[in-house]
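Notes for the structure review
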Amino acid sequence: MLFGRERICAVVAGSTAAEMARQLDRALRWTRTIELRLDWLKSPREHLKFIFRSPRRRLRPTLICTCRRRPAGGRFSGNVRHQLSRFVFSWPLHPQWCDVEIETAGQFPAGELRKFLGPARLLVSYHNFRRTPRNLAAIARRLARSGGDAIKIATHCRSLADCLRVLALARGHRRVVAVPMGEYGLPARVLALREGSALAYAAVEEATAPGQLSLEAMKRVYHADTLDRRTRVYGVIGHPVGHSLSPLMHNVGFQMRRINAVYLPFLVRDLHDFIAAIEPLGIAGFSVTLPHKQRILRYLDDCDPLAVQIGAVNTVVVRGGSRLYGYNTDYVGVLRALERRVRLRGSRVLIYGAGGAARTVAFALAQGGATVSVSARRPGPARSLARAVGGEAVPRACLRREFFDAIVNATPVGMYPRAGKAPLRPAELNCRVVMDLIYRPAKTRLLRLAERRGLEAISGVDMFVAQGTAQWEIWTGVRAPVAAMRRAVLAALRRESTPAGQR
Ligand code: NAP
């Protein structure tokens, strides 16, 4: 292997020697390939302190020294001579590689540049933090001509099409590091090693480039270094998508059942762009979240009749590489979560809210034999949803006087970060069971109010896990490890709600 056995490279970047040493120790728990961002050190004094006081760690890591100047997106403000002297002063670390940006490398014949690097090999890099230029192949040729031992191209990707072009540079070339940067590039960063990149970077603490994942996520959630051409790729498409707990939940499922698959978050604004990437990336199925649940229907080759009736799809199976089949498992999720506590047939259930999720809940309840009541802040959507499922619209002013078997909140009121709010008042909770679709936080203010009144409370986590495990089973044909997937979601929600200092 060009950079040693481990191809996930931890980026150690701190402003002091102590900070760098601490990060280095953390990084070595995960990988032995380390990039030292010397340009992050705030002064020559800290640089020397780091070099001379941090003995080479026992694990004998593969070290890559980088001292990126500002014009190439780094933090080093000195000139080229000062930059090269930083490499010279780093010789006691015995780095195997030095990463020198083309802005510097282009000024010297390779032979002369190598004099500053000692025995270290030369990685010549190109960065573009604004876009992915059209002429990537020409840029790669220019880097190759500079006489280095390997080249690296890191560009800001604004679409999956950009990501595919960056990854294509690495395919079949052992000496190329391809880095798709930015939020759109995140899934491509995970897939880069599978596509042939010699390295993939991950942050020990603070990201040093946009879209860079943490080392823990790369190793523990995505297992980016074990993915191969047989790995089945799944994901969630949405905008935004960064907050989603689906990657954690689905990947835990794959790991528990030892299935060679990975589930990634795809930030998708333009559905065309994603659809075009399905075949090249070998995507086998995907979850759909806001704002695409309705729009995706246009792209499907076939769709489950119930999903057509609801008018929303949250699960797509890809068959034969590109044919798309849609399902709605939000529907299954609501039923699984509610049916354990309420006998739906013959019951009367109120849905508060009349948006997309409310529509799915209404169809699920009607199918389960419940009488559906809908209340919303705007009477028009409440009436039309009630009509669609043969139910009744109930004005908010009447809720104090009405009784229901269950009330379901289908509005975002009470969702993190505005978790202090509740969509309904205690006097309006005249029912036995209250379900909140919100799962962040796991226990909303509405559910607390319900418990205080002695009512049974169902968290949105139940529906989230049920819809997710249903999609997982559709894709894999295997029974999902529901308890483990649920535990992973709850643990992540607990971590989110615990202040950093108390973890
Ligand atoms: P949506 O299509 O935007 O609909 C939101 C509904 O809430 C609309 O009826 C909206 O009324 C109403 N609303 C918004 N703000 C309100 C306020 N301040 N007071 C009263 N009503 C208000 O959103 P959605 O997709 O249905 O999602 C609704 C909630 O369900 C979200 O919190 C989402 O996270 C959750 N959800 C959870 C799961 C799960 O698996 N647990 C799955 C899907 C959705 P207007 O039309 O007047 O704006």
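Residues numbered from 1 in each chain as written. Predicted model: local features only at pLDDT ≥ 70, side-chain atom pairs only at ≥ 80, totals over all residues. Heavy atoms only, no water.

Taken together, 20 residues sit near the ligand, with Ala354, Ala357, Arg377, Arg378 and Leu437 positioned nearest. At a separation of 3.3 Å, an oxygen atom of the ligand approaches a polar backbone atom of glycine 355. Arginine 377 is positioned with one of its side-chain polar atoms (N or O) 2.9 Å from an oxygen atom of the ligand. Within the complex, the protein chains bury 74% of what would otherwise be the 930 Å² of accessible surface of the ligand. Listed by contribution, the elements that provide at least two residues to the shell around the ligand are helix H14 (356-367) and helix H17 (460-476). In terms of residue count, H17 provides more of the shell around the ligand than any other element does, three residues in total. (Near = heavy atom within 4 Å. Polar contact = N/O pair within 3.5 Å; in protein donor to acceptor, adjacent residues only side chain to side chain. Areas by Shrake-Rupley, 256 points an atom, 1.4 Å probe, with all protein chains shown as cover. Helix = DSSP H or I, 4+ residues; strand = E, 2+ residues; numbered from the N terminus.)

What follows concerns the sheet that holds strand S11 (residues 283-288). Read across the sheet, six strands follow the order S10-S9-S11-S13-S14-S12 without closing on themselves; strand pairing throughout is mixed. Looking at the sheet topology across the chains shown, the edges are occupied by strand S10 (261-267) and strand S12 (302-303). As judged from the three bridges shared by S11 and strand S13 (residues 315-319), these two strands associate in the antiparallel manner. The residue bridging serine 287 from the neighbouring strand is threonine 315, located in S13. (Pairing = 2+ DSSP bridges.)

Turning our attention to the packing of aromatic side chains. All told, the structure shown has nine aromatic pairs when counted by the stated rule. A centroid spacing of 6.0 Å and a plane angle of 45 degrees characterise the contact between tyrosine 263 and tryptophan 475, whose relative ring orientation is tilted. Residue tyrosine 263 is located in strand S10, and its partner tryptophan 475 is located in helix H17; the two are separated by 212 residues in the primary sequence. Each member of the pair, tyrosine 263 together with tryptophan 475, is buried. Considering the side-chain rings of tyrosine 439 and phenylalanine 464, the 4.3 Å spacing of their centres and the 25 degrees angle between planes classify their relative orientation as stacked. With tyrosine 439 in the loop between strand S19 (433-436) and helix H16 (445-452) and phenylalanine 464 in helix H17, this residue pair connects regions lying 25 residues apart in the sequence. A single burial state applies to tyrosine 439 and to phenylalanine 464, both of which are buried. Three or more aromatic residues link up through ring pairs in this structure, and these residues are Tyr234, Phe254, Tyr263, Trp472 and Trp475. Directly above the ring of tryptophan 40 sits arginine 75, whose terminal nitrogen or CZ lies 3.5 Å from the centroid. Stacked on the ring of tyrosine 325, the Lys or Arg arginine 319 has its end atom at 4.3 Å from the ring centre. (Phe/Tyr/Trp six-rings, centres within 6.5 Å; stacked < 30°, edge-to-face > 60°. Buried < 20%, exposed > 50% of the residue type's maximum accessible area, 1.4 Å probe, protein only. Lys NZ or Arg CZ within 6 Å of the ring centre and 35° of its normal.)

Our next topic: the environment of glutamine 83. On the secondary structure map, glutamine 83 appears in helix H3 (residues 80-89). In the structure, glutamine 83 is positioned 355 residues away from isoleucine 438 in sequence and 52 Å away in space, judged by C-alpha atoms. Look past the residues within four positions of glutamine 83 in its chain and what remains in contact with it is Cys67, Arg69, Phe76, Glu101 and Thr104. (Contact = heavy atoms within 4.5 Å.)

Size of an interface: often given as the accessible area lost when the parts come together. Once the domains are mapped, the protein chain shows domain 1 (8-229), domain 2 (234-328 + 473-491) and domain 3 (331-458). Distance between the C-alpha centres of domain 1 and domain 2: 32 Å. Surface buried jointly by domain 1 and domain 2 totals about 1600 Å² across both partners, of which 64% is contributed by carbon and sulfur atoms. When residues of domain 1 are sorted by the area they lose upon contact with domain 2, Leu160, Tyr184 and Tyr222 head the list and together hold 35% of the total. There are eight residue pairs in polar contact (both at pLDDT 80 or more) connecting domain 1 and domain 2. (Domains from an automatic or database assignment. Buried area = accessible area lost by both parts, 1.4 Å probe.)

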